[in-house]
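Structural overview
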Amino acid sequence: MNRNQVRPQRRHATLSRIERVRRQAVPKPRVIIALLLLLGLVSVMLLDGYLRAEVGNDQRVRSDASASKVPDSVLDGGPFLSFQGGTARTRSVPDKTIVLTFDDGPDPEWTQSVLDILDDNDVPGTFFLVGSMISRYPDVVRRMVDDGNEVGVHTFTHVDLSYQSAARVTREIAQTQLALAGAAGITTTLFRAPYSSTNDAIDNYSWPVYKKLGAMGYTSVFIDTDSEDWQQPGVSKIIKWATPKSGKGASVLFHDAGGNRAQTLEALPQYIKKMKAKGYTFTTVSGAQQRAQGQQAQGQQAQGSQAQAPQGTPATAGDTRQSNPEQAAHRTADTATLWEGRALLGAVAVAEWTVPGLAAVLAVVGVAVLGRFAMMLVLARRHYRQRNRRRFSWGPPVTAPVSVIVPAYNEKECIANTLNSLAASTHPIEIVVVDDGSTDGTAEIAESLGLPNVRVIRQPNAGKPAALNNGVRHARYDIVVMMDGDTVFEPDTVQRLVQPFGDPEVGAVAGNAKVGNRSTVIGAWQHIEYVMGFNLDRRMYDLLRCMPTIPGAIGAFRRDAVLGVGGMSEDTLAEDTDITIALHRAGWRVVYAEHARAWTEAPASLGQLWRQRYRWSYGTMQALWKHRKSVTDRGPSGRFGRVGMPLVVLFQIVTPVFAPLIDVFTVYAMIFVDFKASLLAWLAVLLVQLVCAAYAFRLDRERYRYLLMLPLQQIAYRQLMYLVLIHSCVTAATGGRLRWQKLKRTGEVGTPAPGTGVR
């Protein structure tokens, strides 16, 4: 297939038809779909990373800070801090009363067990929840509230708010309230800061945060007794440290998430029984506030804990859940908040399913990629040693003349170099130039060269397959060589290319296409791809007898074999892949001649490269779909269908489509997990690719200096190729059509000298 020449529109096409084709060239809705898929993936990854921000132990991030701006009444006051009327007030837990508080949940394992213990002992708890955990485990929160426990905000990502901007503080609270609304249909007026402890830990940095939240209507909850269960000191010490002194009431801190809480689960029921035996009662933060308020009012009517509601959730009549005074801090979420919360939980659910699923796919892709590298290295080495043995022979030397077909459409920049390179051939040839309706004088240039054995055949513009078929019909010899109009051969290229026909089973031969214009960055990237990807692959496929594509730049065929399968088909945009698979199915063997080299002009701009590769990818999918029945065929056709087609689908479609996950997850891990470890893993994969590329360059006797471009190729060029393939998949899935396009040529690839390694 001439992958560099593309079929133009017929000259007699009407304007309306041209306009229709122009609109089909780049299907905008499909581009939008591809971009939306990419955007959706990035959004899901960011959301999942945000949700999985690490929850650490409750240790102060900042220590020894001044508290000069904090009122002494707050520092020495009780654990419940509110700002009714704008004035800071604290309240203590009444004597012989315990408020069990739990931080860092919910957790599907530990929190559920804590709830079971509380239920078995008929005591309530107050849980300060991390919004990201609420979003991931809403069922646990729903049970928590239904069981009569009270909940409070512990930020969304467990950050020290004293380091954050006012906007970040508001966002952390609002996101947690949304998650709570989506999970249980409520919001709350209780708040506990991560890394907080007793009142005297408030400093000049955190005080403004508490004042801001107080103005929003929140009651900040501290502790006066810490079990320090996060240290896992042992059950006896947890119980000892959680016990208040001298019959005092206490706000006691435990943890139901953030680590291994086995000791907490063992200590908690023993602790509850011990404290009940001492005459203690258990309640929630709201229950304790109401008791304390009742004592302070000395018989006056208790006013409850009707703290000012957080902004956006005013404490209107019927808004507070009055049915249970121990849940007085809860507010019924309004309709807007409720649905926003459900939307958040829905997005989180998608992320929770998508990211692990993609991670599993990544594992499969990683194995496939490494497996492909291993197969290529092993089989390429075997192929090289087999074909370069001194006694290796395809059979009797092929010395008979062959026909070289050169389809050309508007190739004025290149046609002279192409024909001059053929004229220097050491093998007897006839040259058949099929001018496919060129408008730039290509045919005239070919004729003016006055080269011997050159025939120029003119035809109305009909596309490359028609031009090749026309050339085959006019060919005088049994072997035909097909090439591109912008490609140049070395003098011994034809002679090396046709030798495999000494084996009567061989019906076609793929040559070694080289990038001639490799002096630019884009050219160097494609050079690496040609050597490492295309030619190393062909060695592997050759040994497995399932070569999927004979490159349009250089390929040789038995004329009868081509005619026997109906010639070059116009059914697909990848006629070279189509004809190759057709020959396999007809029982012919297709091989690779590594020493038959052709120099082609690769696209010089990203736009041209995109159009070319988009057509290649889409055309390959068309060809595979056309020959899908080979999977169930018997004989040679079935061999390709059951060996070659799965390999092509796996290595050229499925793996490249999902290969970006490697880079996406690398960036994800660098941001959210471990930057150093992730970077080292990525570099390890790059090293494997570098080893494969270096070996491919060695086999092709190429200069290693181009491998310096490999890291940049992996970062930039490879991503472009992935997007092209994804675009092609979207087009194929939506039934789109793609037209042929003519790439701009410069003619800079000149006639190579014999044995030239690099032009």
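In the block above lies the structure referred to throughout.
Our subject in this report is the structure included herewith.

Thresholds, definitions, all that
Residues numbered from 1 in each chain as written. Predicted model: local features only at pLDDT ≥ 70, side-chain atom pairs only at ≥ 80, totals over all residues. Heavy atoms only, no water. Helix = DSSP H or I, 4+ residues; strand = E, 2+ residues; numbered from the N terminus. Buried < 20%, exposed > 50% of the residue type's maximum accessible area, 1.4 Å probe, protein only. Contact = heavy atoms within 4.5 Å. Areas by Shrake-Rupley, 256 points an atom, 1.4 Å probe, with all protein chains shown as cover. Pairing = 2+ DSSP bridges. Right-handed = clockwise from strand over helix to strand, strands pointing away. Expected span 1.5 Å × (residues − 1). Axes fitted to C-alpha atoms, helices over the stretch in contact; angles between N-to-C directions. Parallel < 35°, antiparallel > 145°, perpendicular 65-115°, else oblique. Nonpolar A, V, L, I, M, F, W, Y, C, P; charged D, E, K, R; others polar. Phe/Tyr/Trp six-rings, centres within 6.5 Å; stacked < 30°, edge-to-face > 60°. Lys NZ or Arg CZ within 6 Å of the ring centre and 35° of its normal. Salt bridge = Lys/Arg side-chain N within 4 Å of Asp/Glu carboxyl O. Patch = residues over 30% accessible without salt bridge, like charges linked within 9 Å, V, L, I, M, F, W, Y side chains within 5 Å.

Examining the overall build of the protein chain
Along the backbone of the protein chain there are 24 helices and 20 strands. Across the 759 residues of the protein chain, 57% fall into the buried class. Look at the contacts in the protein chain between residues 6 or more apart in sequence, and 81% of them connect residues 24 or more apart. A total accessible area of about 31,500 Å² is found for the protein chain, and carbon and sulfur atoms account for 55% of it.

Describing the pairing of strand 10 (residues 250-255)
Two faces belong to every sheet, and in a regular strand the side chains alternate between them. For strand 10, a buried count of six out of six residues is recorded, marking the element as mostly surrounded by other parts of the structure. The side-chain alternation of strand 10 yields two buried faces, one formed by Ala250, Val252 and Phe254 and the other by Ser251, Leu253 and His255. By the bridge criterion, six bridges tie strand 3 (residues 97-105) to strand 10 in an arrangement that is parallel. Note that in strand 10 the partner of Val99 across the bridge is Ser251. Sheet analysis places strand 9 (residues 225-226) next to strand 10, joined by two bridges and oriented parallel. Counterpart to Asp226 in the pairing with strand 10 is Leu253. In terms of handedness, the path from strand 9 via helix 9 (residues 235-242) over to strand 10 forms a crossover that is right-handed.

Observations regarding the environment of Pro356
Here Pro356 is to be found in helix 12 (residues 335-387). With relative accessibility at 40%, the residue Pro356 sits in the partly exposed group. For Pro356 and Asp48, which are 308 residues apart along the polypeptide, the C-alpha to C-alpha distance reads 9.9 Å.

A closer look at the side chain of His527
Within the secondary structure, His527 sits in helix 17 (residues 521-544). For His527, a relative accessible area of 0% puts it in the buried group. Not counting residues within four places of it along the chain, the set of residues in contact with His527 comprises Val515, Arg518, Phe697, Glu702 and Tyr706.

Points about helix 23 (residues 675-699)
Between its terminal C-alpha atoms helix 23 stretches 36 Å, which fits the 36 Å expected from 25 residues at 1.5 Å a residue. For helix 23, the full list of buried residues reads Ser678, Trp682, Leu686, Gln689, Cys692, Ala693, Tyr695, Ala696, Phe697 and Leu699. Just beyond helix 23, the residue with positive phi is Arg701, at close to 55°.

A few points about the packing of helix 19 (residues 575-585) against helix 21 (residues 635-658)
Two elements in contact, helix 19 and helix 21, have axes whose closest approach is 7 Å; the angle formed by their N-to-C orientations is 130°. In terms of orientation, helix 19 and helix 21 fall into the oblique class. Residues Ile581, His584 and Arg585 of helix 19 pack against Pro636, Ser637 and Phe640 of helix 21. Of the residues in the contact of helix 19 with helix 21, the class split is three nonpolar, two polar and one charged.

With respect to the packing of aromatic side chains
Considering all chains together, one arrives at nine aromatic pairs under this definition. On the numbers, 5.6 Å between centres and 45° between planes, the contact of Phe83 with Trp207 is tilted. One end of the pair, Phe83, is in the loop between strand 1 (80-82) and strand 2 (89-91); the other, Trp207, is in helix 8 (residues 207-215), and 124 residues separate them in sequence. Each of the two residues, Phe83 as well as Trp207, counts as buried. An aromatic cluster of three or more residues is present, and its members are Phe102, Phe127, Phe254 and Tyr271. Here the guanidinium or amino end of Arg518 rests over the ring plane of Tyr706, the centre of that ring lying 5.6 Å away. The ring of Trp625 has Arg628 lying over it, and the distance from NZ or CZ to the ring centre is 4.1 Å.

Focus: the sheet that holds strand 14 (residues 429-436)
The sheet built from eight strands is open, its strands ordered 15-14-13-16-19-18-20-17 with mixed pairing. Each edge of the open sheet carries a strand with a single partner, namely strand 15 (454-459) and strand 17 (488-489). Pairing of strand 16 (residues 479-483) with strand 19 (residues 554-558) involves five bridges; the strand directions are antiparallel. Each residue of the ladder has a partner; that of Met482, found in strand 19, is Gly555. Against the sheet, helix 17 engages strand 18 (506-515) and strand 20 (589-600), with an angle of about 155° to strand 18.

Re the pattern of salt bridges
Scanning the model with the defined rule gives 25 salt bridges in all. As a salt-bridge pair, Arg168 and Glu172 come within 2.8 Å of each other at their nearest N and O atoms. Of this pair, Arg168 and Glu172 both sit in helix 7 (residues 166-184), four residues apart, which is roughly one turn of the helix. Beyond isolated ion pairs, a larger network of salt bridges with shared partners links Lys514, Arg518, Arg539, Glu594, Asp700 and Glu702.

Examining a nonpolar patch on the surface
There is a patch of nonpolar side chains on the surface, built from Val42, Leu46, Val667, Ile671, Phe672 and Val673 and spanning about 530 Å² of accessible area. Those elements giving two or more residues to the nonpolar patch turn out to be helix 2 (28-51) and helix 22 (660-672). It is helix 22 that contributes the most residues to the nonpolar patch, three residues altogether. Looking at the element boundaries, Val42 is found in helix 2. Of the residues examined, Val42 reaches a relative accessible area of 38% and is grouped as partly exposed.

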